[in-house]
2 protein chains.
Amino acid sequence: MANGDKTKHWMGFDLGGTKMLAQVYDDDWKVIAKERKRTKPGTTAKQGVDRIIDTIKDALKKADMTSEDLKGIGIGCPGPIDMDNGLLLDLPNLGWEAVPLQDQVSKELGCPVAVLNDVDAGTYAEYRVGAAKGARCAIGIFAGTGIGGGCIYRGEILRGAKVSAFEIGHIQVMSNGPRCGCGQRGCLESVASRLAIAAQAARTAYRGDAPHLLENCGVDLSKIRSGALSSSIAEGDIAIEEIILEAARYIGIAVATSVNLIGPEVVVLGGGLVEAMPDLFVPQVLRSANKRVMPAYRDSFKVVPAKLEDDAGVLGAALWAEHRLS
Amino acid sequence: MANGDKTKHWMGFDLGGTKMLAQVYDDDWKVIAKERKRTKPGTTAKQGVDRIIDTIKDALKKADMTSEDLKGIGIGCPGPIDMDNGLLLDLPNLGWEAVPLQDQVSKELGCPVAVLNDVDAGTYAEYRVGAAKGARCAIGIFAGTGIGGGCIYRGEILRGAKVSAFEIGHIQVMSNGPRCGCGQRGCLESVASRLAIAAQAARTAYRGDAPHLLENCGVDLSKIRSGALSSSIAEGDIAIEEIILEAARYIGIAVATSVNLIGPEVVVLGGGLVEAMPDLFVPQVLRSANKRVMPAYRDSFKVVPAKLEDDAGVLGAALWAEHRLS
C-alpha cells in the first residue's frame, strides 16, 4: 500500500474448527487480500492465538499493508462469546476455554478488535448486504454438521447480558427426541443437522431403501455429505427426500417458535445442507412454520436462502467491527 | 383538581375479558382514582369503545379532573396489537376485530393514547417498578386460564414489525401434545395453563386419586380454580401436586427455549396459578429450565414471582404511555 494513501481498512476473521480465514476489505466490502490457514487441533489456546495473529499478519502482507492501515478487526468464532470483553468462552472441539482473544490480538496488532459468534456474524452479513438487507428483525439458521442461529434486532445482534444468544440449534423441537451433543434430548440440531440426517439416511440405505445413496457412498456417515444426499434424491431415492422434508419440518417448528416469540420479518436459511437443496428446504420450512405460528403471525415473515454463502462469516465479522468500532 | 394546579397525570387502562379498569396515577405511580366496569360480552366494538371512554371519564370524575389534566393514556388489551397504529387486532372472546382504539379514544378525550398488549404491560410494570426492575432483558410469563408472555429488551417491549410478540403460551413444548385453543398441538398453554391443569386434576379426582379436591369442588372445571388446587395439595392430594410440578416443568422448557434464544437475566412468573402456589412453581421452573438450557447459560438467569399482582397490567399501561408519549 502506497505510504501516501490514508485510506484505512476493515478486516474480517473467521475462526473455524478446521480452518481460519482473514480477509481485508475495501470501502465497497470487496476483498483486497486473504489468508487461510488450517486450524490445528491439539494446540494450546496460546498457540492458537499466535496462529490467528500470524494469519492476520500474512493477510496484511499480501495486501501490502501493516496493522496501521487497519481501522479494526472483527473476529467470528464458534461457541458462546462474551462480546463485551471479547472472550471466547468455550471451544470444546479445540479444548480452549475463556481465551481473551480481543485483548491479545488488539495488543499484538495495535488496532481495535471486536469478537463475536460466527453465526451471528453470518446473520449480520445477510442483514447488512445479503438476503435480509435492512430488515427490522432477521433471523439466520445455518444447518451443517450442527445447526447455528443468529438474530439481528433493530440493527444490533440480539444477545444475552454476558454471552451471545440465539442458540436455535438447541431449543427442543421433539419431546424425548434423540440425544444431542449438548447433553439434552430433542434439540433441533439432534433431528435436523447434517449429522442427524446422515445417520437416518445411512440407516435407510443399510435397510435397502435408498439404493442410489448406498451405491454412491455406502453407510459411512462421514461420506454422506450434503451433496451426496442431494444427488441420491435426484437419482430417485424417495426415502432420502422424505428424511430431508422431515428435517425441514422440524426447522419450521423452530422458526415458528422464533416467530411467536420475536416476530422476525425475514428468516435466512443457510449452511451446506440448504445450499445443496434449497428447493426442498425453503418451501417446506415456510410451510411448516406458517402452519405452526399463531394466526396473527401467519404470512408475516418470509423464508429465504442465504445469499452470501461461504464468505458470510468473515464478511459479517468485518461489517460488525465497522458497526461496533467506528 | 384545583384549576391552578398545573401537574398533569398519566392514566392506565386494562381491558379484560370480564372487566375493564381505569386508574389515574400521581408522580410516584400511586393511584389517585380508579373506575371499574364489567366488559359486557355480546356488544359491538363501537359499544365497547364507548364503554371504555365512559370508564375513563368516570375515573377522571372521581379524580376531580378532566382529560386536560392527563398527559396521556396507556391501554392494555388482550390479543395481538398493532402498536404503531394502536389497533386492537383480534379479540375472539368479544368478537371484535381491527378496532382503531388509539384514534377513537384519543379523538374523544383529546389526549395522546398508546395501546399495547396486556401481558406486555404487566411485564413492563415488573421491569420498571417490580420484580425485574432495571433488567437489561426480562421475560414475564403469566399463567391463568391461558398463558401470556412479554419480553422487555433494553428498555423496550420486544415486538414484531406490525404485531406485538412474545406469545410464549403458543410455542410447542410437547410434540403431538393436547390440542390448544389456537388450533395447534402441544403449546405451553395446552399443558400448563389453569385450564389444562384443571382438566387433569378433574380426571384425577374422578378416578379417586385426589380425594380432597373431589370433596372440595367435585369435577367441574369451572370450580377447580388456583386456590382450590392449592388447598387440595395442602390437605394431602399428592397427585395434584404432581400435576402442578409437571406443568411447571413444561413452563421450564419454554423458559429454556427463551434463554437459549434471547438470554434474559430475569424470568418473572405471575398469574393466579403462580400466586396461589409460588413455592411449588418457582423452584421447579428454575430447575427444569436450568437443566434444559445450553451449558453456557446455566445459572445465567433467575426465576422470581411477580411483585405487582393484579395491578401490574393497568400500571404497566400507564408506565408505557409515559415512556412512549413523553
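Before reading on, note that the structure itself is shown above.
Residues numbered from 1 in each chain as written. Chains lettered and ligands numbered in written order. Predicted model: local features only at pLDDT ≥ 70, side-chain atom pairs only at ≥ 80, totals over all residues. Heavy atoms only, no water.

**Points about the environment of Arg225 of chain B**
Logical step 1: Its place among the elements puts Arg225 of chain B in the loop between helix H6 (211–217) and helix H7 (226–234).
Logical step 2: Classification of Arg225 of chain B as partly exposed rests on a relative accessible area of 44%. (Helix = DSSP H or I, 4+ residues; strand = E, 2+ residues; numbered from the N terminus. Buried < 20%, exposed > 50% of the residue type's maximum accessible area, 1.4 Å probe, protein only.)

**Observations regarding the relation of the copies chain B and chain A**
Logical step 1: At an RMSD of 0.0 Å, chain B and chain A line up after a rotation of 180° and a shift of 0.0 Å along the axis. With respect to symmetry, the two chain copies, as superposed, fit the operation of a two-fold axis. Of the C-alpha atoms belonging to chain B, the one lying closest to the rotation axis is found on Ser175 of chain B, 2.8 Å away.
Logical step 2: Both copies share a contact surface, since 100% of the interface residues of chain B are interface residues in chain A too. (Least-squares fit on C-alpha atoms with pLDDT ≥ 70 in both. Contact = heavy atoms within 4.5 Å.)

**Details of the pattern of salt bridges**
Residue and element names in this part refer to chain A.
Logical step 1: Applying the stated criterion across every chain, the model contains 23 salt bridges over all chains.
Logical step 2: Close ionic contact of Arg207 with Asp209 constitutes a salt bridge, the shortest N to O distance being 3.2 Å.
Logical step 3: Look at Asp209 and you get partly exposed, because its relative accessible area is 41%.
Logical step 4: Here the salt bridges share partners, and the residues they tie into one network are Glu35, Lys37, Asp58, Lys61 and Lys62. (Salt bridge = Lys/Arg side-chain N within 4 Å of Asp/Glu carboxyl O.)

**A closer look at the sheet that holds strand E4 (residues 70–77) of chain B**
Residues and elements named next belong to chain B.
Logical step 1: Taken in spatial order, the five strands make up an open sheet running E3-E2-E1-E4-E8, and their pairing is mixed. Only two strands of the sheet have a single neighbouring strand rather than two, namely strand E3 (31–38) and strand E8 (113–117). Neighbour-to-neighbour, the strand axes of the sheet open up by a mean angle of 15°, direction not taken into account.
Logical step 2: In this structure, E4 lies alongside E8, joined through five bridges in parallel fashion. Each bridged residue has a counterpart across the sheet, and for Gly74 the counterpart in E8 is Ala114. (Pairing = 2+ DSSP bridges. Axes fitted to C-alpha atoms, helices over the stretch in contact; angles between N-to-C directions.)

**Let's talk about the packing of aromatic side chains**
Logical step 1: Applying the stated criterion across every chain, the model contains seven aromatic pairs over all chains.
Logical step 2: With a centroid separation of 5.1 Å and an interplanar angle of 85°, the aromatic rings of Tyr124 of chain A and Trp320 of chain A are classed as edge-to-face. A residue pair is termed long-range when its members are at least 10 positions apart, and Tyr124 of chain A in helix H3 (residues 118–129) and Trp320 of chain A in helix H11 (residues 312–325) qualify at 196 residues.
Logical step 3: In this structure Tyr124 of chain A comes out as buried when scored by relative accessible area, which is 1%.
Logical step 4: On the basis of an interplanar angle of 90° and a centroid distance of 6.2 Å, the ring pair of Tyr153 of chain A and Tyr153 of chain B is categorised as edge-to-face. Remark: Tyr153 of chain B occurs in strand E10 (residues 147–153) and Tyr153 of chain A occurs in strand E10 (residues 147–153); the pair is interchain, linking two chains.
Logical step 5: On the basis of relative accessibility, which here comes to 7%, the residue Tyr153 of chain B falls in the buried class. (Phe/Tyr/Trp six-rings, centres within 6.5 Å; stacked < 30°, edge-to-face > 60°.)

**Section: unusual backbone geometry**
Residue and element names in this part refer to chain A.
Logical step 1: In this structure, Ala98 is a non-glycine residue whose phi angle is positive, near 45°.
Logical step 2: Structurally, Ala98 is set in strand E7 (residues 96–99).
Logical step 3: Even without a glycine there, the phi angle at Phe166 is positive, about 55°.
Logical step 4: Turning to its location among the elements, Phe166 is positioned in the loop between strand E11 (156–157) and helix H4 (188–192).
Logical step 5: Assessed through its relative accessible area of 0%, Phe166 is described here as buried.

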